[in-house]
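Each chain is listed here by its residues.
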Amino acid sequence: MPFAQACMIGCGVATGYGAAVRAAQVTPGSSVAVFGIGGVGANALQGARIAGASKIIACDIKDDNLELAKKYGATHTVNTGAVADVPAAIKEITDGLGAEYVIDCTGNTKVGSMAFQSGRKGSTTVVIGAYPADGTLALPSGSFHRYGKILKGSFYGDVNPFNDFPRIAQLYLDGKYDLDSLIIEKIGLEDINRVFDIFHDPKGKNMGRYVIEFD
């Protein structure tokens, strides 16, 4: 397969895919909410789609990212910056129950709490975004024991590179996994600082990856 597409598998692609397929273990016909639709979140959407989820809800503060999310498998979108009660919005989409699986890619503890509350009774919430070392995740404690909900952290989406890298590559070659549109731009090494500036810009394009090509 092309090197540019192949190089992306080793990080954001595998992490997002693994969060849905390995860590959450999304089942066919289920509902999934993904918070943070950047380079990792886009692949969590693809993982949920490949796993056979019927409702895939993309949650982000950027309308542009939410529109692009539909390309990767999102069936519904929620702008978390514009909706007053995000868990309620997700429950409305999922027949009043909440999502069966929730994936938090943001690294924001406030969003993490929101994500957990968006899951239904017995749901699984997977955190793959890196929270600040001094951060605190606040969860509602009322009737906590009655809901049977799972909250788990996942490093690298729980993937096994020896098994999952070839699988993702084959999915791409079979036309079932979109890596092409994840390449935002191919750059030279001299452009690396420009790309870091874009990465730190809240309005910068982050739905995918910049790939360095060497002559």
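Since the structure is predicted, the reported quantities are computational estimates derived from the model, not experimental observations. (Residues numbered from 1 in each chain as written. Predicted model: local features only at pLDDT ≥ 70, side-chain atom pairs only at ≥ 80, totals over all residues. Heavy atoms only, no water.)

### Regarding the overall build of the protein
Okay, so step 1: Helices and strands together make up the secondary structure of the protein, namely eight helices and eight strands.
Okay, so step 2: Overall size of the protein, expressed as C-alpha extent along the three principal axes, is 60 × 35 × 30 Å.
Okay, so step 3: Put simply, the protein has 215 residues, and 48% of those count as buried.
Okay, so step 4: Long-range contacts, defined as pairs at least 24 residues apart, comprise 68% of the intrachain contacts of the protein with a sequence gap of at least 6.
Okay, so step 5: Counting only carbon and sulfur atoms, one obtains 54% of the accessible surface of the protein, whose full area is about 10,900 Å². (Helix = DSSP H or I, 4+ residues; strand = E, 2+ residues; numbered from the N terminus. Buried < 20%, exposed > 50% of the residue type's maximum accessible area, 1.4 Å probe, protein only. Contact = heavy atoms within 4.5 Å. Areas by Shrake-Rupley, 256 points an atom, 1.4 Å probe, with all protein chains shown as cover.)

### Details of the pattern of salt bridges
Okay, so step 1: Counted according to the given criterion, the structure contains six salt bridges.
Okay, so step 2: In this structure, the salt-bridge partner of K186 is E213, at a minimum N-O distance of 3.7 Å. Here K186, found in strand β7 (residues 183-187), pairs with E213, found in the segment after β8 (209-212); they are 27 residues apart in sequence, far enough to count as distant.
Okay, so step 3: For E213, a relative accessible area of 41% gives the class partly exposed. (Salt bridge = Lys/Arg side-chain N within 4 Å of Asp/Glu carboxyl O.)

### Some words on the packing of helix α1 (residues 3-23) against helix α7 (residues 161-173)
Okay, so step 1: Two elements in contact, α1 and α7, have axes whose closest approach is 10 Å; the angle formed by their N-to-C orientations is 100°. On the basis of their axis angle, the class for α1 and α7 is roughly perpendicular. Between α1, through Q5, I9, G10, V13, A14, Y17 and R22, and α7, the contact on the second element is made entirely by D164, F165, R167, I168, A169, L171 and Y172.
Okay, so step 2: By residue class, the composition of the contact of α1 with α7 is nine nonpolar, two polar and three charged. (Axes fitted to C-alpha atoms, helices over the stretch in contact; angles between N-to-C directions. Parallel < 35°, antiparallel > 145°, perpendicular 65-115°, else oblique. Nonpolar A, V, L, I, M, F, W, Y, C, P; charged D, E, K, R; others polar.)

### Observations concerning the packing of α1 against helix α2 (residues 41-51)
Okay, so step 1: Packing of α1 against α2 brings their axes to within 7 Å, and their N-to-C directions diverge by 45°. One way to sum up the angle between α1 and α2 is to call them oblique. Along this stretch, α1 crosses α2, giving a crossing that reads as right-handed. Contact with α1, carried on its side by G12, V13, G16, Y17, A20 and V21, involves N43, A44, G47 and A48 of α2 and no other residues of that element.
Okay, so step 2: For the contact of α1 with α2, a count of residues per class yields six nonpolar, four polar and no charged. (Left-handed = near helix turned anticlockwise from the far one by under 90°.)

### Examining the sheet that holds strand β3 (residues 76-79)
Okay, so step 1: Spatially, six strands are ordered β3-β2-β1-β4-β5-β6 in an open sheet, and the strand pairing comes out parallel. In this open sheet, the two edge strands, each paired with only one partner strand, are β3 and β6 (150-153). Looking at each pair of strands side by side, their axes are set apart by 15° on average, direction ignored.
Okay, so step 2: Relative to β6, strand β5 (residues 119-127) runs parallel, the two being bridged by four bridges. Paired with T125 across the two strands is L151, which belongs to β6. (Pairing = 2+ DSSP bridges.)

### Notes on helix α5 (residues 109-117)
Okay, so step 1: Among all positions of α5, only T109, V111, G112, S113, A115 and F116 are buried.
Okay, so step 2: Residues of α5 that are buried make contact with β1 (31-35), β4 (99-104), β5, α6 (144-147) and β6.
Okay, so step 3: Of the residues flanking the start of α5, the one acting as N-cap is N108, its side-chain oxygen 2.9 Å from the backbone nitrogen of K110. (Polar contact = N/O pair within 3.5 Å; in protein donor to acceptor, adjacent residues only side chain to side chain.)

### Focus on the nonpolar core
Okay, so step 1: Formed by 43 residues in total, the largest nonpolar core has its most connected members in L45 and I103.
Okay, so step 2: Broken down by element, the residue count for this core peaks at ten residues, all from α1.
Okay, so step 3: In contact with I103, other than residues within four places in its own chain, are A19, A20, V32, A33, V34, F35, A44, V126 and I128. (Core = buried A, V, L, I, M, F, W, Y, C linked by side-chain atoms within 4.5 Å.)

### Side note on the pairing of β7
Okay, so step 1: Strand direction decides the pairing type here: β7 and β8, joined by four bridges, are parallel. When the bridges of β8 are listed, I187 appears paired with I212.
Okay, so step 2: Handedness of the β7-helix α8 (residues 192-200)-β8 crossover: right-handed. (Right-handed = clockwise from strand over helix to strand, strands pointing away.)

### Side note on the environment of G39
Okay, so step 1: Mapped onto the elements, G39 comes out in the loop between β1 and α2.
Okay, so step 2: Separated by 159 residues in sequence, G39 and I198 place their C-alpha atoms 14 Å apart.

### Observations regarding the pairing of strand β2 (residues 55-60)
Okay, so step 1: β2 sits mainly inside the fold: five of its six residues count as buried.
Okay, so step 2: For the handedness criterion, the β-α-β arrangement of β1, α2 and β2 is classed as right-handed.

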